[in-house]
Structures are given as C-alpha cells and as structure tokens.
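# Report on the structure
Given next are the chains, with one letter for each unit.
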Number of protein chains: 4
Amino acid sequence: MNKKREVESSVKDESLIAKRRSQMIRGAVTLFKQKGFHRTTTREIAKAAGFSIGTLYEYIRTKEDVLYLVCDSIYDEVHTRLAALDTENASIEVLKTALQHYYGLIDDMQDEFVVMYQESKSLPKDALQYVLNKEIEMVSLFERLLKECVESGELELTPKEITLASHHLFVQGQMWAFRRWALNDFTIEEFINMQTQFLLQGMAGEKISIQGA
Amino acid sequence: MNKKREVESSVKDESLIAKRRSQMIRGAVTLFKQKGFHRTTTREIAKAAGFSIGTLYEYIRTKEDVLYLVCDSIYDEVHTRLAALDTENASIEVLKTALQHYYGLIDDMQDEFVVMYQESKSLPKDALQYVLNKEIEMVSLFERLLKECVESGELELTPKEITLASHHLFVQGQMWAFRRWALNDFTIEEFINMQTQFLLQGMAGEKISIQGA
Amino acid sequence: MNKKREVESSVKDESLIAKRRSQMIRGAVTLFKQKGFHRTTTREIAKAAGFSIGTLYEYIRTKEDVLYLVCDSIYDEVHTRLAALDTENASIEVLKTALQHYYGLIDDMQDEFVVMYQESKSLPKDALQYVLNKEIEMVSLFERLLKECVESGELELTPKEITLASHHLFVQGQMWAFRRWALNDFTIEEFINMQTQFLLQGMAGEKISIQGA
Amino acid sequence: MNKKREVESSVKDESLIAKRRSQMIRGAVTLFKQKGFHRTTTREIAKAAGFSIGTLYEYIRTKEDVLYLVCDSIYDEVHTRLAALDTENASIEVLKTALQHYYGLIDDMQDEFVVMYQESKSLPKDALQYVLNKEIEMVSLFERLLKECVESGELELTPKEITLASHHLFVQGQMWAFRRWALNDFTIEEFINMQTQFLLQGMAGEKISIQGA
DNA sequence: CATGAATGAGATTTCATTCAT
DNA sequence: TATGAATGAAATCTCATTCAT
C-alpha cells in the first residue's frame, strides 16, 4: 500500500489542524494556480489562509509541505468520490460510469488538478513518490476495468492495448483540466460522451488496416 | 502570424550570438529537466554552457529569456521538420505521415518538450503568449488535415469532433514525452501505430451506441 | 552585600514557585549543557521541566531569567555548603579543607558550573553583575584565608602573590569542571591532593631564581 | 596530523579571499567579544568587515564558518609565533622562553582568545574537533618540554604530575585572557615571572607533606 | 567580448512572548 | 493556575543582475 506521509504540526488539536490546513490548502491552490508554487511566498499563503506566517508554520514544517497537503487532499477527494462506485464485475457500462465520475471530479477540482500536475515535481522525493503512486493507482483502476471487459468478451484488446488505453483515459482527464481554454464550447457532459464514444469505438471497432486505404 | 519576440543582446556579431545561445540552450535544457527552471541558477546555466555569468548576460537580459530561447528553439525545430512535409490535399495517408513526423520529433527532443510544457508558465506574459500561439498553430495543423479528410469523404466527423480529435493528436504527443516511464515496453513505432489505429478507428468506425451494448 | 535580584512571577504561592523553578532549573541545566543557552528554546525548557510553555511564563518573565535562576541556584548551593565551614582563624589546614569543599562542590555540580561559566555572558547586565560579584566573593574568601596564613606566619607571600594565588585556586576549580575530558585518569581526591601540593609548594618553598638554573 | 578544514568560497582569487577574510575576522572578533556569537548577526559582521551581506556570503557558506575562520586564524598565529622557537633539548630555560612566547601571544590576541574559548562550542562538530586538536597540540608541547626536563634531571615529576602541570600552564594562559579585569595591577612581564616562579617551585621544591604542618 | 566580484532585495524559517480559555 | 494556539520581529542565506577591469 501507499503509506500516507505525515506532515508534522506543533499543534495538538486534530480538528483544529484539519480546519487550518483546509484554509491553507484553499488559499494555496488559488495562489499556485495564479503564480505557480515558486513565485508564491509563504507569507502570501498565510495571508490567503487568513492567518499569520507564524501560525502557518505551526501547521507545517516547510513550504513543500503545503504543496504536499494540496496534492494529498486531492487524492483524498478522488478516493472518497470513487469509493462510492461499485466497480466489481466491470462492464462497459461500469467503465462509462467510472469515467463520468472521474471526469466530473476533475471538472469540479480543475484548479487543484492543474496545480498538482504542474507543481508536483517540486515535491520532496518521498512525497513525489507518494503522489506518483496515487496516479498509478488511478491508471490501474482503469486497467482493471478494461481487463474485465475483455475477459467478459465485451471488448477485444491485447494486453498492450489495455495499457495504452488506460493511460489514454487518464490523460484525457488531464486534458479537460489543462486545455479548458480550447474546449470552451464543450460542456462536461458533451466532453464525457464524446471521449467515451471515441475511446470505445477506437477499441471495439473492426480493425482498420493502417497501411492500405 | 505569430511575431517572433526578440531577445536583446549587447553583442553584435550574429553568428556568435547564435553559437553562444545554442550552447546556452543545450546546457539549460539539461538543467531544467533535472531541477526545474526555478531551482536552476543563472550561474549554473552559464557554467553548463561553458562560459562565465558575465558572458551569459551579454546574450540575454533576464533569466526568463533563457527559458524563452529554449521554447523558441523547439518550435524552430518543429517548423523545420514539419515544413519538409507536403500536407496539401490531405488524406488519411498524409495525416499518418504528419503524426509520424510529429511523434518522431517529440521522441527526439523529449527533454526539450518536457521542459517546455512544465516550465512555460514561468515565461513573461508576452513570451508565454508567443509559445501558446505556436501550440495553437500545431493543433490547427491537425485540425486542417482532419477537416480536409472530412471534405474528401475519407472521414466523417462533426466540427466539434474535429476540434476534439485534433487536441487528442496533440496531447498524445505530450503523453509520449511525459509518460515514458509507464511506456517502457513500447517502441516509438509501435506507439505511433497503435495511436494512429485507435484514433482513426475511433473516428472512422460506425458509431456505436454508447447507451446500449 | 550583593543584593539578590528578584525574578517576577505571576504566581503567588511561594512554595509552588520554589517547586516549579527547581523543576525548571533541572531541565534547563541539562539542555544548556547539551546545546547551549541560545540553541535551547523556551518550549524545550518547559517540556524538560514537565509543564507547558504557558506555565513556564507564569514563573519567569524572560528566557534570560531561567539562566539567571540557574546561576543563582548554584551560588545558593555554594553558599550553603561553604557556610558549614568554620574558616575563622585560618591556617593552612583550614585552607586545605576549604579547597576540599570547593572542589568537591564543583565535582558534584559539574554540569551546573560549566553552564554557568559558558553562558553567563548571556545574562542581562544587572544579573551578570550579580553573578560576577558572587565570583568575586569566592575569590575573596581564598584571599582572606591566604592573608590570614601570611599573618600567622604559615605562608610568606607578598600582597600581589596573594591575589594571584587566590585566582589560581579559583581557576583550578573551573579546570576540574571544564577539562574533565583530559583528566580522566584522576580521581577527585587525587586532583585535590596534587593541586594543593603544587600550590602550597609553589607558595611556600624557597624562592628559586628564575633567571639562573 | 590535524587536517585543515577548508571553507568554501565562490570567489577564485586566493589573495582576495585572504584579504576579505582577514577583514571579516577582524570585524567578527570585535563583535563576538562585545555581544557573543549568537547575538551578532551576519549583517553586522558584513558591515563591520566593510562590505555587503552578499559579499560576505561569497567568502563563506554559513555563519559558523566565520567563527571557524576566527579560531583557525588564531592557531595560525600561534603556530607562526611558536615555530620561531627552538624547543629541541628542552631545559627549564627553554620552558621559560616557551611560556614567555605563549603568554605574550595571548596578551597580544586577548580578544581573539576570549572569543575562541567562549564560542568554540558553537562550531559544527568537525570544526570543533579541529580546534580541540589544536588545543591538545598546545598542551602536548608543554608536556614534551616538561618530560624532557625530567629526563635531563632538571625536574622531578611523576607522569601524572607532568600531565597536570601541562594543563596548568595552558590554563594560566586562558586566565590571563579571561581574568584581566582582576589582574589590572599586573604587567604581562610580572605575570609571566610570577607564574613561572610559582610553577617551577611547585614542581621542583621538596615535597611538603600536605597532611602535617 | 569576456570575466567574476559585488550587491541587496527578498525568501524561508524560528522562537520568545502573549493572552483567551 | 495551567494551557497551548497565535503572533510577528528578526535571522540566515540565496541569487539575479550589474559593472569595472
């Protein structure tokens, strides 16, 4: 399993920690989105969170901790929202539902996802590893769903095609977050529908020879 | 057109400028890849380029100029390599060739592309705009090719599908650069083939109802 | 006399003050020995003392107060232990007893003495003065004993020799606390004996011409 | 041997490094003497040295480096001045000359010695070790001189007495630096004479029983 | 043209102290 | 009395940029 990395706090009261960190994360996401992690100062984060620089450091140890908390909270949300889903005995129907939830999630937390993908490289090594593992977990979920569809005969894919397709599904999520400026005409429902359509067709259709016409 | 943003230099000799900047870009890409733009110091860039910090500043005005030069040089290369292609009267065949060249290019300049996509947000506004326009040009190229395939009857796509598909083509290029760690098993040829296959199938196949089985 | 400098406390109960301060001093000495006064935080002192930072500040006003209390408590102990001694009508025998008690004291409170000598410069001016006066009192005690030995004819020393010798006696005490690492082979008794021997001989012997052999 | 610990500098010119560091040491000693190492800020050091904070950090890496440079420069001076001495085939005469040079040195560099002994505990571990080794070298020098005097029959001392006496010689040096306030009446020559007198007598005289009168 | 020493604004982080509970 | 969360002044250190040589 991917063990959660603890961020030390000198404050004891757990519920207060949760509250302050949530203020902190909210402020940080906004700032990181605007100016990026490196151009944002810890003082700005504190201010945006609504408390003093000294208080900020009662709840974290380094600036990188803030970034980690942002990433971690995203995956907590992902976990909460996808856990609600029953993905046992996958079918294309289940896959579609999963995508709907996943893309919906990204739509709701667009800023957070953009920040995470843009800035995660600035995390300390162990935190980066933790976040990457979370990403792998996501991709693996899609992989499992696809594999089960193949096993049930609903899809016909080679193992390599499964791998590639699961990355597609994942990357299309990022695309919705990152390329919104180019996708203004699309509603999220439209996007989900078209992407699912493309994808299933790409996978399910009769193979077209890519050599001949 | 997207007017090239000039970077000022106090040196007059154009060929010397070209030479020094190319040393500079080479060094900078390596460093930016390793540690990111913000964690790389101008001293390090100068050293990696093989000259002193004083000399570095004879050829640029700010650190951000270095990043801009990196991005700009990538699009110069893109331009050079895709200009060789005859994309008039597009067909699926032409589209496939274009993809082959584009993905091949990304494969050759993986580090450069990663750096560009990761760090371009640190560019000053005008430089960022310039780079984004270059990106739009790329997407537009795919869009035009797809549109011509539709016009010639080789593909059947709505305008919105064309838009989305062209972004797909573009994003899959980024995917090859960014997710290489997950795609170790794939050769670039295999990747190109499978992606093209998926894509064309997704677009060309009989529409599958995504509601029913 | 050297008027005791009061440390303010918001707590009224004198016996509670005494108890808390003694906990505080015990913890502080250990910490100051390990890391020095400046590298020790008030939080650490509170923790080592067994109560909260808030409580610490109920019994002192500033961090320097803690250092002062440490120094003061040392001289309280010195006072208590040397007061037991009858040093009226001094003789060499009395001097020897005094040294035995003084060096024995230093042996018992090594950490405290080291801390005091190393850190007392960080005391606020008035507190430093108070501590220096205590030191002068100590030296004066030795001076008086020596003077009385001279008066009684047991020793033959000029006034300047008395001054110097009394500082010697004092400094040798510090030496036992500070250079323990180099004096591992010596027991405290051995040390006392040899030092007394050296000293009395140095003072009592026939003068050797330091010019000729 | 005690390998010199290098302090890194980003400046290349060795003679400039020497010059700037000497300015730095001069300023630092004054400040450390007045306020101690911890109460002195790096900005103050830079100012006292006559340059900016940025420049200071071109010649050191951490504040502790300044302290190390101070200590190191003292021992360089000690080395230079004592190396002039011929201490082969020691005699009491040679010992006396050595003391004269050593105490004279301390007299000349009183501030430096006080700072070194008061603040060296703040050095990083390896630097502290280096400085302690230098101290041991000094004590060993005295030890050797005493041993040779014993071998030549000029002094009669047990090995333990030699150890203790060499520490005495060393500590009396510190005493001259630290207790100057109490030794105002003494000239350095007087001090040297009296100390040598005391010492040699303490060592050379007929042993007095310290039990009886 | 090339060099590299000098600069100082600005960033992160610590910690003594306060005060509401 | 006891607690510990909040505060912000102040300290160390970095690094883009300049400019005299």
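Residues numbered from 1 in each chain as written. Chains lettered and ligands numbered in written order. Predicted model: local features only at pLDDT ≥ 70, side-chain atom pairs only at ≥ 80, totals over all residues. Heavy atoms only, no water.

### Comments concerning the packing of helix H8 (residues 159-178) of chain A against helix H8 (residues 159-178) of chain B
H8 of chain B packs onto H8 of chain A with a crossing angle of 110° between their chain directions and a minimal axis gap of 11 Å. With respect to their mutual orientation, H8 of chain A and H8 of chain B come out roughly perpendicular. Seen from above, H8 of chain A lies across H8 of chain B with right-handed handedness. Facing H8 of chain A, whose interface residues are Leu 164, His 167, His 168, Val 171, Gln 172 and Met 175 of chain A, H8 of chain B presents Leu 164, His 167, His 168, Val 171, Gln 172 and Met 175 of chain B. Residues of the contact of H8 of chain A with H8 of chain B, tallied by class, amount to six nonpolar, six polar and no charged. (Axes fitted to C-alpha atoms, helices over the stretch in contact; angles between N-to-C directions. Helix = DSSP H or I, 4+ residues; strand = E, 2+ residues; numbered from the N terminus. Parallel < 35°, antiparallel > 145°, perpendicular 65-115°, else oblique. Left-handed = near helix turned anticlockwise from the far one by under 90°. Contact = heavy atoms within 4.5 Å. Nonpolar A, V, L, I, M, F, W, Y, C, P; charged D, E, K, R; others polar.)

### Describing the protein's contact with DNA strand E
Surrounding DNA strand E, one finds 41 residues, the nearest of these being Tyr 57 of chain A, Tyr 59 of chain B, Thr 42 of chain C together with Arg 20 and Tyr 59 of chain D. Among the atoms of DNA strand E lying within 4 Å of the protein, the sugar-phosphate backbone contributes 66%. Within the backbone of Thr 42 of chain C, an N or O atom sits 2.7 Å from a phosphate oxygen of DNA strand E. If you list the elements that add at least two residues to the surface near DNA strand E, you get helix H2 (42-49) and helix H3 (53-59) of chain A, helix H1 (14-39) and helix H3 (53-59) of chain B, helix H2 (42-49) and helix H3 (53-59) of chain C together with helix H1 (14-39) and helix H3 (53-59) of chain D. Considered class by class, the residues forming the surface near DNA strand E number 14 nonpolar, 15 polar and 12 charged. (Near = heavy atom within 4 Å. Polar contact = N/O pair within 3.5 Å; in protein donor to acceptor, adjacent residues only side chain to side chain.)

### Description of the pattern of salt bridges
In the structure shown here, the tally under the stated rule is 66 salt bridges over all chains. Between Arg 179 of chain A and Glu 135 of chain B there is a salt bridge, and its shortest N-O distance comes to 2.8 Å. Pair noted here: Arg 179 of chain A is in the loop between H8 and helix H9 (188-204) and Glu 135 of chain B is in helix H7 (residues 125-151), and the two residues belong to different chains. Classification of Arg 179 of chain A by relative accessible area gives buried; the value is 4%. Look at Glu 135 of chain B and you get buried, because its relative accessible area is 7%. Two residues, Glu 64 of chain C and Arg 39 of chain D, come together in a salt bridge whose shortest N-O distance is 3.0 Å. Of this pair, Glu 64 of chain C sits in helix H4 (residues 63-83) while Arg 39 of chain D sits in helix H1, each in a different chain. A residue is classified by how much of its surface remains accessible, and Glu 64 of chain C, at 24% relative accessible area, is partly exposed. Residue Arg 39 of chain D is classed as partly exposed on the basis of its relative accessible area, which comes to 36%. Taken together, the shared-partner salt bridges connect Lys 4, Asp 72 and Asp 76 of chain A into one network. (Salt bridge = Lys/Arg side-chain N within 4 Å of Asp/Glu carboxyl O. Buried < 20%, exposed > 50% of the residue type's maximum accessible area, 1.4 Å probe, protein only.)

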